[in-house]
Amino acid sequence: MPVVAWAAAAACLSGAATLLLTPAMIKAAYTFDWVDYPQADRWHATPTALMGGVAMYGAGTLALLLLGPLAGVGTDVGLIGGGATLLFAVGMVDDLWGVGPTTKLAAQVGAAVLLMAAGHGFGPEWPLWASAPVTLVWVIGITNAVNLLDNMDGLAAGIGGIAAVALTAFAAAGGALPAALLGGTVGGAALGFLWFNAKPARIFMGDCGSLVLGYGVAALAVMGQGAVAAGPGVAVLAPICALAVPILDTTLVTVARTQAGRPVTNGGQDHTSHRLVTLGLSESAAVGTLHGMGAVAGGVGLTALVVEPTLFYAACAFGTVALGVIGGSLGRLDVYRAARVGGDGAPSVSTSPSSNAQAGQGRWQTVAAYLVGDSLLIGGALAAAHALVGSGGLAGGEGVPIVEGGLLVGAIQLVVLYAMGLYRRLWRHAGTPGIARIVGTILLAQAATAGVLALVYGLGAVSAPLLMVDGLILTLGILGSRLGRRGLQRGASLYRSRVAPAESTSNVLLYGTGERGMLALRALRDAEETDRVPVGFVDPDPSKQDQIVQGLPVFGGPGACADLCREHDIDEVIVAVGDAAADREQEVARQCAEVGVACRSFDVQMKPLGVGREDSTHGEPMPGPPA
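Residues numbered from 1 in each chain as written. Predicted model: local features only at pLDDT ≥ 70, side-chain atom pairs only at ≥ 80, totals over all residues. Heavy atoms only, no water.

Peer 1: So what exactly am I meant to see when it comes to the overall build of the protein chain here?
Peer 2: Per the secondary structure count, the protein chain includes 22 helices and eight strands. Out of the 627 residues in the protein chain, the part that is buried amounts to 49%. Of all intrachain contacts in the protein chain linking residues separated by at least 6 positions in sequence, the fraction that spans at least 24 positions is 75%. For the protein chain, the exposed surface amounts to about 27,800 Å²; the carbon and sulfur share of it is 64%. (Helix = DSSP H or I, 4+ residues; strand = E, 2+ residues; numbered from the N terminus. Buried < 20%, exposed > 50% of the residue type's maximum accessible area, 1.4 Å probe, protein only. Contact = heavy atoms within 4.5 Å. Areas by Shrake-Rupley, 256 points an atom, 1.4 Å probe, with all protein chains shown as cover.)

Peer 1: When you look at the state of the cysteines in this model, what are you seeing that I'm missing?
Peer 2: Here a disulfide denotes a covalent bond joining the sulfur atom of one cysteine to the sulfur atom of another. With the rule as written, the count across this model stands at zero disulfides. Take Cys316: it sits in no disulfide, and the sulfur closest to it among the cysteines is that of Cys241, at 3.9 Å. There is no disulfide at Cys561, and the cysteine sulfur nearest it, in Cys565, is 4.4 Å away. Overall, the relative accessible area of 2% leaves Cys561 in the buried class. (Disulfide = S-S within 2.5 Å.)

Peer 1: Would you mind showing me how to read the sheet that holds strand 4 (residues 532–538) here?
Peer 2: The strands making up a sheet associate through hydrogen bonds between their backbones, and the pairing can be parallel or antiparallel. The mixed open sheet is built from six strands, whose spatial order is 5-6-4-3-7-8. Bordering the open sheet on either side are strand 5 (548–549) and strand 8 (598–601), each of which pairs with just one other strand. Here strand 3 (residues 506–511) runs beside strand 4; their pairing, made up of six bridges, is parallel. Within the sheet, the bridge partner assigned to Leu509 lies in strand 4 and is Gly536. (Pairing = 2+ DSSP bridges.)

Peer 1: What's the story with the packing of helix 17 (residues 402–419) against helix 18 (residues 432–457) in this structure? I'm lost.
Peer 2: In helix packing, the relevant descriptors are the interaxial angle and the interaxial distance, both defined with respect to the helix axes. Taken N-terminus to C-terminus, the directions of helix 17 and helix 18 make an angle of 140°; their axes are 9 Å apart at the nearest point. If you check the angle between helix 17 and helix 18, you find them oblique. Classified by chirality, the crossing of helix 18 by helix 17 is right-handed. Together, Glu404, Gly405, Leu408, Val409, Ile412, Gln413, Val416 and Leu417 of helix 17 and Thr441, Ile442, Leu444, Ala445, Gln446, Ala448, Thr449, Val452, Leu453, Val456 and Tyr457 of helix 18 make up the contact between the two elements. Class assignment for the residues of the contact of helix 17 with helix 18 results in 13 nonpolar, five polar and one charged. (Axes fitted to C-alpha atoms, helices over the stretch in contact; angles between N-to-C directions. Parallel < 35°, antiparallel > 145°, perpendicular 65-115°, else oblique. Left-handed = near helix turned anticlockwise from the far one by under 90°. Nonpolar A, V, L, I, M, F, W, Y, C, P; charged D, E, K, R; others polar.)

Peer 1: Would you mind going over the pattern of salt bridges with me for this structure?
Peer 2: When the charged atoms of two side chains lie near each other, side chains of opposite charge can form a pair. The final tally for this structure, using the stated rule, is ten salt bridges. For the salt bridge of Arg482 with Asp374, the shortest nitrogen-to-oxygen distance reads 2.8 Å. Of this pair, Arg482 sits in helix 19 (residues 464–498) while Asp374 sits in helix 16 (residues 363–389); the two residues are 108 residues apart in sequence, bridging distant segments of the chain. One exposure class covers both Arg482 and Asp374, and it is buried. (Salt bridge = Lys/Arg side-chain N within 4 Å of Asp/Glu carboxyl O.)

Peer 1: Mind showing me how you'd approach the nonpolar core here?
Peer 2: Most often, soluble globular proteins keep nonpolar side chains buried together rather than apart. With 71 residues, the main nonpolar core has Ile80, Leu115, Trp138, Leu181, Tyr215 and Val217 as its most contacted residues. Mapped by element, the contributors of at least two residues to this core are helix 1 (3–31), helix 2 (52–71), helix 3 (75–96), helix 4 (101–117), helix 5 (128–149), helix 6 (155–173), helix 7 (177–197) and helix 8 (207–223). By residue number, the principal contributor to this core is helix 8, which donates twelve residues. Excluding anything up to four places from it in sequence, Trp138 contacts Phe122, Ala218, Ala221, Val222, Ile240, Leu243 and Ile247. Counting residues in each nonpolar core, the second largest holds 23 residues, with Leu290, Leu330, Leu333 and Val335 among its members. (Core = buried A, V, L, I, M, F, W, Y, C linked by side-chain atoms within 4.5 Å.)

Peer 1: I'm lost on the packing of aromatic side chains in this one. Help?
Peer 2: The final tally for this structure, using the stated rule, is seven aromatic pairs. Look at Phe122 and Trp138: their rings are 5.3 Å apart centre to centre, the planes differ by 55°, and that puts the pair in the tilted class. One end of the pair, Phe122, is in the loop between helix 4 and helix 5; the other, Trp138, is in helix 5, and 16 residues separate them in sequence. We note that Phe122, like Trp138, is buried. When the ring of Tyr370 is compared with that of Tyr423, the centres are 5.7 Å apart and the planes differ by 20°; the resulting orientation is stacked. Here Tyr370, found in helix 16, pairs with Tyr423, found in the loop between helix 17 and helix 18; they are 53 residues apart in sequence, far enough to count as distant. Following the ring pairs from residue to residue traces out a cluster consisting of Phe122, Trp126 and Trp138. (Phe/Tyr/Trp six-rings, centres within 6.5 Å; stacked < 30°, edge-to-face > 60°.)

Peer 1: Looking at this structure, I do not really get unusual backbone geometry. What am I missing?
Peer 2: The general pattern is negative phi for most residues beyond glycine and trans for most peptide bonds. Going from Lys199 to Pro200, the amide bond is cis rather than trans, its omega being -5°. Mapped onto the elements of the fold, Pro200 is located in the loop between helix 7 and helix 8. One non-glycine residue, Asp33, lies in positive phi territory at about 60°. Locating Asp33 in the fold gives a position in the loop between helix 1 and strand 1 (35–36).

Peer 1: Is there a simple way to explain the packing of helix 5 against helix 10 (residues 244–260) in this structure?
Peer 2: Viewed as axis vectors pointing N to C, helix 5 and helix 10 meet at an angle of 85°, and their least axial separation amounts to 9 Å. By the angle between their axes, helix 5 is roughly perpendicular relative to helix 10. Residue-level inspection shows Trp138, Ile142, Ala145, Val146, Leu148 and Leu149 of helix 5 in contact with helix 10, the latter providing Pro246, Ile247, Asp249 and Thr250.

Peer 1: Before we go on, may I ask you to explain a nonpolar patch on the surface in this structure?
Peer 2: On the surface, Leu305, Val306 and Val307 cluster together into a nonpolar patch covering about 240 Å² of accessible area. Tracing the chain through its elements places Val307 in the loop between helix 12 (283–302) and helix 13 (309–331). (Patch = residues over 30% accessible without salt bridge, like charges linked within 9 Å, V, L, I, M, F, W, Y side chains within 5 Å.)

Peer 1: I'm lost on helix 5 in this one. Help?
Peer 2: Structurally, the α-helix is built with 3.6 residues per turn, so residues lying three or four positions apart point the same way. An ideal rise of 1.5 Å per residue puts 32 Å on 22 residues; helix 5 measures up with 31 Å between its terminal C-alpha atoms. Residues Ala130, Ser131, Thr135, Trp138, Val139, Ile140, Ile142, Thr143, Ala145, Val146, Asn147 and Leu149 constitute the buried set of helix 5. Check the buried side of helix 5 and you find it contacts helix 3, helix 4, helix 6, helix 8, helix 9 (234–241) and helix 10. (Expected span 1.5 Å × (residues − 1).)

Peer 1: Looking at this structure, how should I read the environment of Ala71?
Peer 2: Mapped onto the secondary structure, Ala71 falls in helix 2. Looking at Ala71, the relative accessible area reads 14%, which means it is buried. For the pair Ala71 and Met1, spaced 70 residues apart in sequence, the C-alpha separation works out to 8.5 Å. Excluding anything up to four places from it in sequence, Ala71 contacts Trp6, Leu177 and Leu181.

Peer 1: What's the story with the side chain of Asp207 in this structure? I'm lost.
Peer 2: With respect to the helices and strands, the residue Asp207 is situated in helix 8. Here the side chain of Asp207 touches Lys104 through a polar contact of 2.9 Å, side chain to side chain. Apart from the residues within four sequence positions on either side, Asp207 is in contact with Gly91, Asp94, Asp95, Lys104, Asn147 and Val212. (Polar contact = N/O pair within 3.5 Å; in protein donor to acceptor, adjacent residues only side chain to side chain.)

Peer 1: What am I meant to see in the environment of Thr513 here?
Peer 2: Considering the arrangement of structural elements, one finds Thr513 in the loop between strand 3 and helix 20 (515–526). Each C-alpha atom, one on Thr513 and one on Phe537, is 6.9 Å from the other, the two residues being 24 residues apart in sequence. Those residues in contact with Thr513 that sit more than four places away from it in its chain are Met518, Phe537, Asp539, Lys544 and Val554. Side chain to side chain, Thr513 and Asp539 meet in a polar contact 2.7 Å long.

What follows is the structure in structure tokens.
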């Protein structure tokens, strides 16, 4: 029977068994009080059944015991199953009575040793002295990463299932029957459990499930590396792509807690999923976003099967930068503010990642982050251009060595980027001038690259098509890296205003679509933590009505303001028209008072300040962007 058929059979059997066993575990959990009650550092708000991992483990064991002998895989899967059993036992004890981190670590080391005893190590071509320690770190890291990811309904089960599907497809493409059988089993159990674990979750998997799931996908990533013959590093990078989301989450949590002065091993609501909710997404949307990211990352890994290695390397480089932008943006959110107010044992001083980053990190660290990201973008763009143009050497001629020429091109372009000030700007508020500077800088960098290549290797070494394609790809990459954070904020703001406004937010109607109105909208959207959500505009210009401005509708003229407040459940109207339209401000204020809606005027003023001179407006509201 084909390898794919064995994987499908394992997934179906494991998934069906999970669907049958999980309801029984829900009943047993409430009978024996295996219930996870709400806690200060947990996300769920209602008591929920635990020990769902028992159903997952039982279903997976059943599938392997029935199909393993038929498929002719015994020792490999048996040893790995022993590692899973070890982690299941420790996780179950932890769920029931609690165990220390040392015991968990010892169990994870033992599971990693069993994986290596089965003949699987990280880096199929690496010597044992290099492969063994990396395998150990990999298994421990991914096992704990998936365990940490089990912080929101359906998150760990979905991410684990998606990763297992991608890793199984990769292994099956190379004919690796043990890996495909194991992958089908893990994926079927995870996705079957997702039916009961999706919001609102009826049961949690607990550590007895998350540790086994993490170990399963970690083992799959190692086993799949030797399945497909590809370019240098492809066999290692491709399986890693499928686990990009757990890696991102663990890295973000570790860095943020370290900067905030909090113990890394303590629980908390500071994971990627929680930060997406803080940004404005609903819980379901946050989980769905991470599921989508996991699917895209797994798809990038699978492209190694159908594209040449150079393009795959480029995709990995761009993906790494994208994850860095997402992680950096989410890491700036102050998710520890509630903890400081609530008194859960966190430091009482302001220790948010954003404040620490501003106070403790030097400029050289910011520049270093830009340099690393831009180096990946430059290398990825050059690799993609070389693959797409199809020239023999780096720049169209055989006289330019790829490695030597690539390093030279990278150095030239980094120098130009630095000299043109791309590392000295605050890109969060960048607009058209910033975009123009990036485009101009890339054009200058390409011209400098062509000139240096001509001087070093001769005029024939310069390939105009390659440099054009390279410049276009690099421009898109640099724009994305610089404007990514702003794009995330704008996207979250648009989501809040049009899809799922939170109950605690105030719906805001903006009066005026002119320059001042755009400034008011930008102030609202650029606020990282705001309880005001813009839902639309009112404008007296009939030509603008029923149009879309900056993603928001223009509902009508000022005469309909009271009716619009009632229709769209408006909590506040912000008038941004300036002193020239004072009569309109008064009319809007009258209509707002009629329906009991707050009305504010948005204004920006510059006033002289004198030393020792009292402010005549002291104690009165100051004009400016809404707080």
